[in-house]
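For reference, the chains in residue letters:
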Amino acid sequence: MTSHTPADTFPRQYARTLRYTVGAPRSFSVAPDGSRVVFLRSRSGSDRANLLWTLDTATGEERIAADPAVLLGGGEEDLSPAERARRERSREGSAGIVGYALDAEGRQAAFALSGRLFIADLLTGDARELPAQGPLLDPRISPDGAHVAYANTAGELRLTRTDGTGDRTLAEPDGPNVTWGQAEFIAQEEIDRDRGFWWSPDGERLLVERADDSPVRRWWIADPANPDREPAEVAYPAAGTPNAEVGLWLIDLQGGRTEVSWDHEAFPYLARVHWSKGGVPLLLVQSRDQRAQRVLGLDVATGGTEVLFEERDEAWLEAFPGVPAWTPDGKLVRISDEGGVRALVVGDQAVTGADLHVRSVVAVTEREVFFSASGGAGETDPEPGWIAVGRISHDGKQLSWESANGRPFTSVTSAVHAGGITVRATAEPDLPGTLVQVARDLPEGVVVDDVATVASYAETPVITARPVFRFAGERRIPSAVFLPTGYDRERDGLLPVLMDPYGGPHGQRVVQAHNPHLNSQWFADQGFAVVVADGRGTPGRGPAWEKSIAFDFAGATLDDQVEALRALAEEFPLDLGRVAIRGWSYGGYLSALAVLRRPDVFHAAVAGAPVAEWALYDTHYTERYLGHPAERPEVYEANSLTGYAAGLERPLMIIHGLADDNVVAAHTLRLSSALLAAGRPHTVLPLSGVTHMTPQEEVAENLLLLQVDFVKRSLGL
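Residues numbered from 1 in each chain as written. Predicted model: local features only at pLDDT ≥ 70, side-chain atom pairs only at ≥ 80, totals over all residues. Heavy atoms only, no water.

**A look at the sheet that holds strand β25 (residues 325-326)**
In step 1: Here four strands make up an open sheet; going across it, the order is β25-β26-β27-β28 and the pairing antiparallel. The open sheet has two edge strands with one neighbour each: β25 and β28 (349-350). (Pairing = 2+ DSSP bridges. Helix = DSSP H or I, 4+ residues; strand = E, 2+ residues; numbered from the N terminus.)

Rendered as structure tokens:
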């Protein structure tokens, strides 16, 4: 890690370094023969432009494979609106090369840069531009390395040869709102699928998504600070309204096409596509209410599909990273919630038990499945928040764990694996950043550590996080407590409290790592005891924990914040007469809800980009948890903020980016209108030109400072 600029304050450094991710290695791939590791990294902790790098696993030598500054001749990047939207969906704030795709040998990499197409030879280090009709999106090289397919902003799927010849159209829009080869909004934002086409293992054809968003209602996002600019038109599928129509086609290199058939009416969501060498292509499709899903096998000759597995759940079903997949000998690999346990299943056998909560599949080899997991229901875990990567034999009889520190249950580890090489990234609570190590498997299965350590150029934070982890209350709510640096109980007494939650689905905040807690520690250093609590609905503690919020955001998630606060006050110096709460997105919703419904507990709130009315949020997310608004209008009414506006008794600051196309500013405007109609004073801070990510350095820095000022004044500090 690199040192910081001497004049840096934490808010400035935190914003400038994109939460200390700039300069850290990321996006790892391993060549199938294990000879090289490919990754992205910028030159320093203050340079957001990523370069493409390789690491030789025989020598540990790192080498630049593609440099954006060289390829663009020193010019600035020019991103299309479609590419900016893709990056917003994936919460991508960096620049330069932000993604790449390899051929089957891991020798060539294709990537987009400033809407143009480039290819790099990872052995020679030669990188060059290929002809393409841009601005383009998501280029992917064929397994045989002969072609690159890409989507573009005109809605086309195109094909070009890697020798620089033959750029041509494979599929073009057959309607004004049709795109080929691009994941639709819901897939990108909610299903964690950003791909819209997939190569066959032999490189002779592709599976291609066709999306038509004509049925989707149009919203317009205006920039009130610049009234001379036209509003941006956004196809936004709000809860209860039509989604884009999504289909899948097999297209060969000569343009021949076959439509893939399945029951679109019953299963409209295309969640996953998997096409491995020697295996039947797999599709995972979901019903609109997400209580049913099917794994389908695809007949590439006819486009027909066969149901290989179907499951149902009274609450909902998740689409997990890395599955469905095949083992090399033809067993189906999936993750299942059967029996109240989120288990890894190989063939017909669950190979993990109730002590683990499986989160994803990392890789499938001839003997093992690499997977990510945390501690099941947490009943026997000494501390919350660990995430580990395990490797288990197909029969479940042999299990081992990957961790750079040798302590998988006191850290957060992620990994990639191929060709007998594992790249694992380990974060610990006591050490800034993440340690990335490359390890090699011996034939007998023993792991040899430290083939290489991948250098990180991320800056060292100017402060040190000191989380104290606890399971709080009877429900054992995963929590972390932060006290001011240098705090002395006899001298300083009880501290005003700042609750700092996300508190909702897919948002785990309590993790055994350092950097994710820096923001909370900085707030603590302003004179607060900061509490982060992951109540029911947050991931990592078993299906029952996550699904207990079904049809009830406003009850369970808020109740658990109160329980954690009161339980932790028995051990830590928390002044329960001075409690504030802050959060963003779902955390913003939870913060506003806290002062509206529980003014007896919470005395001030800062709500950033809150969802005020769930009928204004998107279909896949909202209907999964609250049902369809036409079928459960009372649920939407009970869980939205505007209905509680008349109950506001405490200071409330609402912050919202006016360019936010995820949680649109209408949420805050409607909440503010309801508060005004009820005669309830409140503060609204509109952010011109700011999206849901608030990536602008000055905005992000000053937002922290303004929140501290507001909370201190509101609590009389």
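**What to know about the packing of helix α6 (residues 518-525) against helix α13 (residues 697-714)**
In step 1: Between α6 and α13, the least distance of the axes is 11 Å, while the angle of their chain directions is 40°. One element, α6, and the other, α13, form an angle in the oblique class. Considering how the two elements wind past one another, α6 and α13 form a crossing that is right-handed. Contacts between α6 and α13 involve Asn519, Trp522 and Phe523 from the first element and Leu704, Leu705, Gln707 and Val708 from the second.
In step 2: Class assignment for the residues of the contact of α6 with α13 results in five nonpolar, two polar and no charged. (Axes fitted to C-alpha atoms, helices over the stretch in contact; angles between N-to-C directions. Parallel < 35°, antiparallel > 145°, perpendicular 65-115°, else oblique. Left-handed = near helix turned anticlockwise from the far one by under 90°. Contact = heavy atoms within 4.5 Å. Nonpolar A, V, L, I, M, F, W, Y, C, P; charged D, E, K, R; others polar.)

**Things to note about the environment of Ile654**
In step 1: Along the chain, Ile654 falls in strand β43 (residues 652-657).
In step 2: Not counting residues within four places of it along the chain, the set of residues in contact with Ile654 comprises Ala607, Pro610, Thr668, Leu671, Leu675, His682, Thr683, Val684 and Leu685.

**Observations concerning unusual backbone geometry**
In step 1: Residues Gly134 and Pro135 are joined by a peptide bond in cis, for which omega reads -5°.
In step 2: With an omega of 5°, the peptide bond running from Val323 to Pro324 counts as cis.
In step 3: Examined against the element boundaries, Pro324 turns out to sit in the loop between β24 (305-312) and β25.
In step 4: Residue Asp192 is not a glycine yet carries a positive backbone phi of 60°.
In step 5: Tracing the chain through its elements places Asp192 in the loop between α4 (185-189) and β15 (197-199).
In step 6: By relative accessible area, which is 59% here, Asp192 ends up exposed. (Buried < 20%, exposed > 50% of the residue type's maximum accessible area, 1.4 Å probe, protein only.)

**Comments concerning the packing of aromatic side chains**
In step 1: Inspection of the entire model under this criterion finds 30 aromatic pairs.
In step 2: On the basis of an interplanar angle of 85° and a centroid distance of 5.3 Å, the ring pair of Phe553 and Tyr586 is categorised as edge-to-face. Separated by 33 residues along the polypeptide, Phe553 in helix α8 (residues 553-568) and Tyr586 in helix α9 (residues 586-597) bring together distant segments of the chain. Side by side, Phe553 and Tyr586 carry an identical accessibility label, which is buried.
In step 3: Aromatic side chains Trp614 and Tyr617 sit 6.0 Å apart centroid to centroid with 85° between the ring planes, which places their arrangement in the edge-to-face category. You'll find Trp614 and Tyr617 in the same group, each marked buried.
In step 4: Feature note: the residues Trp316, Tyr502, Phe553, Tyr586, Tyr589, Trp614, Tyr617, Tyr621 and Tyr625 constitute an aromatic cluster, connected by ring pairs. (Phe/Tyr/Trp six-rings, centres within 6.5 Å; stacked < 30°, edge-to-face > 60°.)

**Section: the nonpolar core**
In step 1: Counting 76 residues, the largest nonpolar core has Phe553, Phe602, Trp614 and Leu652 as its most contacted members.
In step 2: Sequence-distant contacts of Phe602, defined by excluding residues within four places in its chain, comprise Met499, Leu558, Gln561, Val562, Val579, Ile581, Ala594, Val595 and Arg650.
In step 3: One finds Ile463, Val606, Met653 and Ile655 within the second-largest nonpolar core, a separate group that totals 30 residues. (Core = buried A, V, L, I, M, F, W, Y, C linked by side-chain atoms within 4.5 Å.)

**Here's the deal with the side chain of Asn50**
In step 1: Counting through the fold element by element, Asn50 comes out in strand β3 (residues 49-56).
In step 2: Take Asn50: its relative accessible area is 4%, and that puts it in the buried class.
In step 3: Among the polar contacts listed, one links the side chain of Asn50 to the backbone nitrogen of Ser42, at a separation of 3.4 Å. (Polar contact = N/O pair within 3.5 Å; in protein donor to acceptor, adjacent residues only side chain to side chain.)

**Side note on the sheet that holds strand β8 (residues 116-121)**
In step 1: Taken in spatial order, the four strands of this open sheet run β6-β7-β8-β9, and their pairing is antiparallel. Each edge of the open sheet carries a strand with a single partner, namely β6 (101-102) and β9 (127-130).

**Here's the deal with the pattern of salt bridges**
In step 1: Counted under the stated rule, the structure contains 42 salt bridges.
In step 2: Here Arg491 makes a salt bridge to Asp492, at a shortest N to O gap of 2.9 Å.
In step 3: By relative accessible area, which is 57% here, Arg491 ends up exposed.
In step 4: Taken together, the salt bridges that share partners define one network made up of Asp313, Asp337, Arg342, Glu546 and Lys547. (Salt bridge = Lys/Arg side-chain N within 4 Å of Asp/Glu carboxyl O.)

**Side note on α13**
In step 1: Over its 18 residues, α13 extends 26 Å from the first C-alpha to the last, a length consistent with the 26 Å expected when each residue adds 1.5 Å.
In step 2: For α13, every residue scored as buried is listed here: Glu697, Ala700, Glu701, Leu703, Leu704, Gln707, Val708, Phe710 and Val711.
In step 3: For α13, the secondary structure elements touched by its buried residues are α1 (10-16), α6, β41 (574-584), β42 (604-608), β43 and β44 (683-687).
In step 4: Looking one or two residues beyond α13, the residue adopting positive phi is Gly716, at roughly 75°. (Expected span 1.5 Å × (residues − 1).)

**Notes on the pairing of strand β12 (residues 157-161)**
In step 1: Within β12, four of the five residues are buried, which leaves the element mostly enclosed by the surrounding structure.
In step 2: Where strand β11 (residues 147-152) lies against β12, five bridges are found, and the strand directions are antiparallel. Within β12, the residue paired with Ala151 across the bridge is Leu157.
In step 3: Between β11 and β12, which pair antiparallel and follow one another directly, the connecting turn spans four residues, one of which, Gly155, has a positive phi of 90°.
In step 4: Relative to strand β13 (residues 168-171), β12 runs antiparallel, the two being bridged by three bridges. Opposite Arg158, over in β13, you have Thr169 as the bridge partner.

**Points about the environment of Leu442**
In step 1: The topology assignment puts Leu442 in the loop between β35 (431-441) and β36 (447-454).
In step 2: Spatially, the C-alpha atom of Leu442 lies 31 Å from that of Leu51, the residues being 391 residues apart in sequence.

**As for the side chain of Glu613**
In step 1: Along the polypeptide, Glu613 turns up in the loop between β42 and α10 (619-626).
In step 2: Among the polar contacts listed, one links the side chain of Glu613 to the side chain of Thr642, at a separation of 3.2 Å.
In step 3: Not counting chain neighbours up to four residues away, the residues in contact with Glu613 comprise Ser640, Thr642, His667 and Arg670.

**Some words on helix α12 (residues 666-677)**
In step 1: In a regular helix each residue adds 1.5 Å, so twelve residues correspond to 16 Å; α12 covers 16 Å between its end C-alpha atoms and thus fits that length.
In step 2: Looking only at α12, the buried set comprises His667, Thr668, Leu671, Ser672 and Leu675. Relative to the axis of α12, the buried residues are bounded by an arc of 125° and lie together on one face. For α12, the exposed residues lying more than 90 degrees away from the buried face are Leu669, Leu676 and Ala677.
In step 3: Residues of α12 that are buried sit in contact with α9, β43 and β44. (Arc of directions from axis to C-beta.)

**What about the packing of α8 against α9?**
In step 1: For the pair α8 and α9, the least separation of the axes is 10 Å and the interaxial angle reads 80°. In terms of axis orientation, α8 runs roughly perpendicular to α9. Counted together, Phe553, Ala554, Gly555, Thr557, Leu558 and Gln561 of α8 and Tyr586, Tyr589, Leu590, Leu593, Ala594 and Arg597 of α9 form the full contact between these two elements.
In step 2: Looking at the contact of α8 with α9, its residues break down into eight nonpolar, three polar and one charged.

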